[in-house]
Amino acid sequence: MNQLAADINLVSTLKAASEAENYSKGVEFYGGQEIFKDFAEWTNEVPTVNYGENTYEIEDMMTEALQAILGGADVQQTLDQYQTQIESAVAN
C-alpha cells in the first residue's frame, strides 16, 4: 500500500495502510497537504452500514437499473420504475 500510494495515488481502506511512510508525506499537487493521512483519518468517520434482509435483492435491482440507464434508457423513468419494484419487494 505504501508504494501504491506513491506510484498511483492509491488510498487504501486497509487501516494498517495509514501507518505507511508515504501516507504521512505531503503531495506537491495539493500544496504539500498530507492527503493520504487525511483520507486515512476520514475513513474512521464513515458510518457503518446496517444491511437488511433485502439488501442484496435491492442491489441486484439497482444493477439492472444502472445497466438500463447505461444502455440508453431514460434516467428518471428508469429510477421511478425501479423504485416502485424495490418498494414492492421490501413490502412483501
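So, here is what we can say about the structure in this document. Because the structure is a prediction, the values reported are computed rather than measured. (Residues numbered from 1 in each chain as written. Predicted model: local features only at pLDDT ≥ 70, side-chain atom pairs only at ≥ 80, totals over all residues. Heavy atoms only, no water.)

**Side note on the pattern of salt bridges**
- Under the definition given, this model contains 2 salt bridges.
- Salt-bridge contacts for Glu21 lead to Lys25; the nearest nitrogen and oxygen are separated by 3.5 Å. (Salt bridge = Lys/Arg side-chain N within 4 Å of Asp/Glu carboxyl O.)

**Notes on the nonpolar core**
- Counting residues in each nonpolar core, the largest one holds 8 residues, listed as Ala5, Ala17, Ala20, Tyr23, Val27, Ile35, Phe36 and Ala40.
- Those residues in contact with Phe36, other than ones at most four positions away along the chain, are Ala5, Asn9, Leu10, Val11, Asn22, Tyr23 and Val27.
- By size, the runner-up hydrophobic cluster in this structure holds 5 residues, among which are Met61, Ala65, Tyr82 and Ile86. (Core = buried A, V, L, I, M, F, W, Y, C linked by side-chain atoms within 4.5 Å. Buried < 20%, exposed > 50% of the residue type's maximum accessible area, 1.4 Å probe, protein only. Contact = heavy atoms within 4.5 Å.)

**Overview of the packing of aromatic side chains**
- Tallied over the full model, the rule gives 4 aromatic pairs.
- Here the aromatic rings of Tyr23 and Phe36 are separated by 5.4 Å at their centres, their planes lie at 45°, and the arrangement is tilted. Taken together, the residues Tyr23 in the loop between helix H1 (2-8) and helix H2 (35-43) and Phe36 in helix H2 connect sequence positions 13 residues apart. Of the two residues, Tyr23 and Phe36, neither departs from the other in class, the shared state being buried.
- Relative to Trp42, the ring of Phe39 has its centre 5.2 Å away and its plane inclined at 85°; by these criteria the two rings are edge-to-face. Here Phe39 pairs with Trp42, and both are found in helix H2, just 3 residues apart, close to one helical turn. (Phe/Tyr/Trp six-rings, centres within 6.5 Å; stacked < 30°, edge-to-face > 60°. Helix = DSSP H or I, 4+ residues; strand = E, 2+ residues; numbered from the N terminus.)

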